[in-house]
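Architecture at a glance
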Amino acid sequence: MLTDVLTGWTAETLGGLTLLAVAAAWGWLRRRRTPAASDTEALRQVRTYTLLGARAADGQPVHWPSSRPAGVRITWTGPAGKQEQFELTDAVLPDGTYAAERVSVYPNRGAL
C-alpha cells in the first residue's frame, strides 16, 4: 500500500513539474517574440518633416527626420543662429513629407 502511494505521488509530481516547465518555456519564448510596450517606441517609423517657412543656407526647404509623434515641439537653429520652434503634425504635404508648423508666428496665448 505504501508503495502504491509513493508511486502515484511520484508520477503526479513529475507530471506537474513537466507541465510547469513547459508553461515557463512557452511564456519565455512568447515574451522574446512579442515586443514589450516600452519597445514599441523603438519600432516607431521615422517620418520626414518639412519645416514650413524655414529655409536652409542654400535656400532649400528644411527637412527634419524624426520618430516623435505629432504634437511634439522641436527647436531648429537656422543658418543665422536664430532658434525657432516647430510643432510636428500629421498633415501630409504633396511631396510626401509631413508638415511641421512654426510655433513662433502665433501670439502667446497668455498675452491675449
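Our subject is the structure that appears above.
Calculation criteria
- Residues numbered from 1 in each chain as written.
- Predicted model: local features only at pLDDT ≥ 70, side-chain atom pairs only at ≥ 80, totals over all residues.
- Heavy atoms only, no water.
- Pairing = 2+ DSSP bridges.
- Helix = DSSP H or I, 4+ residues; strand = E, 2+ residues; numbered from the N terminus.
- Buried < 20%, exposed > 50% of the residue type's maximum accessible area, 1.4 Å probe, protein only.
- Polar contact = N/O pair within 3.5 Å; in protein donor to acceptor, adjacent residues only side chain to side chain.
- Contact = heavy atoms within 4.5 Å.

Two faces make up the sheet, and in a regular strand the side chains alternate between them. The pairing of strand β1 (residues 47-55) with strand β2 (residues 61-66) spans 6 bridges and is classified as antiparallel. Looking at β2, one finds that Thr 48 is bridged to Pro 65. The turn linking β1 back onto β2 is made up of 5 residues, and Gly 59 within it adopts a positive phi angle of 90°. Inspection of the sheet shows β1 paired to strand β5 (residues 98-102) by 3 bridges, in the parallel sense. Opposite Thr 50, over in β5, you have Ala 99 as the bridge partner.

On to the side chain of Thr 89. For Thr 89, the location among the structural elements is in strand β4 (residues 83-92). Assessed through its relative accessible area of 14%, Thr 89 is described here as buried. There is a polar contact of 2.5 Å between the side chain of Thr 89 and the backbone oxygen of Ala 99. Excluding residues that lie within four positions of it along the chain, Thr 89 makes contacts with Arg 47, Tyr 49, Ala 70, Tyr 98, Ala 99, Ala 100 and Glu 101.

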